[in-house]
Amino acid sequence: LDNITDLTTLASLLKQDTYKAKGLYFKLGTDLDMEEYYKDPFRPMDQGWCGIGGGFAGILDGAGHKISNLYHSDSQAGDIGLFKYLLDGAQISNLVLDDVSIVSSKCNTGAVAGYTSGNVKLQKITVSGNIASSGDCVGGLVGKVTDGRVEIQECELGSGTVKGANWCGGFIGAAEGSLAIMESN
């Protein structure tokens, strides 16, 4: 993934992909500034990034690169984050999400994903910025863990805030599945 177009193409493909990229490997080739995405004159500017939708069960290696200015503000959308939701087998690693600004009125809001389902690994992810919802289940990384096991290792929350109506947390807003948080702050 070398530019914003690659990221938006992945988002579009996953909306149609019945396999949800299970086992496929994606790697960021450079830092991405989402400001470029918002400059598109054919895109509605009011809501911002809507998340890589349709679920993701692949592997995203950020390779130490940064996605900056991830913005979302839509009162009608739920399951908000870089990914709408992560599915069994998803692994996100070596990624920096910088200057995140997410505002929602629905449930399941996080910088990385709105929610997870199944066994998911999040490793070496750094998030800074503000995440807020008047809905429930708001987390710095993931809004809600619905089932399965989520492993969080060597992740960090930088400056910013996480706010919601109920079930808010630094890393995870709410968990119905199991969590393992290791070497993270």
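Residues numbered from 1 in each chain as written. Predicted model: local features only at pLDDT ≥ 70, side-chain atom pairs only at ≥ 80, totals over all residues. Heavy atoms only, no water.

### Things to note about the nonpolar core
The biggest cluster of nonpolar side chains holds 47 residues, and the ones touching the most others in it are Trp49, Phe56, Leu82, Leu86, Ile92, Leu122 and Leu141. When residues of this core are traced back to their parent elements, those giving at least two are helix 1 (4-16), helix 2 (35-38), strand 3 (59-68), strand 5 (83-87), strand 6 (91-104), strand 9 (120-133), strand 11 (142-145) and strand 12 (149-153). If sequence neighbours within four positions are ignored, Trp49 has contacts with Leu7, Thr8, Ala11, Met34, Tyr37, Tyr38, Leu70, Tyr71, His72, Gly81 and Leu82. (Core = buried A, V, L, I, M, F, W, Y, C linked by side-chain atoms within 4.5 Å. Buried < 20%, exposed > 50% of the residue type's maximum accessible area, 1.4 Å probe, protein only. Helix = DSSP H or I, 4+ residues; strand = E, 2+ residues; numbered from the N terminus. Contact = heavy atoms within 4.5 Å.)

### A closer look at the pairing of strand 3
With 3 bridges connecting them, strand 1 (residues 25-27) and strand 3 associate as parallel partners. Bridged to Phe26 within strand 3 is Leu60. (Pairing = 2+ DSSP bridges.)

### Focus: the packing of aromatic side chains
Counting across every chain of the model gives 3 aromatic pairs. Between Tyr85 and Tyr115, the aromatic rings sit 4.8 Å apart at their centres with planes inclined by 10°, giving stacked as the arrangement. In this pair, Tyr85 is assigned in strand 5 and Tyr115 in strand 8 (residues 113-117), connecting sequence segments 30 residues apart. Across the pair, exposure class does not vary: Tyr85 and Tyr115 are buried alike. (Phe/Tyr/Trp six-rings, centres within 6.5 Å; stacked < 30°, edge-to-face > 60°.)

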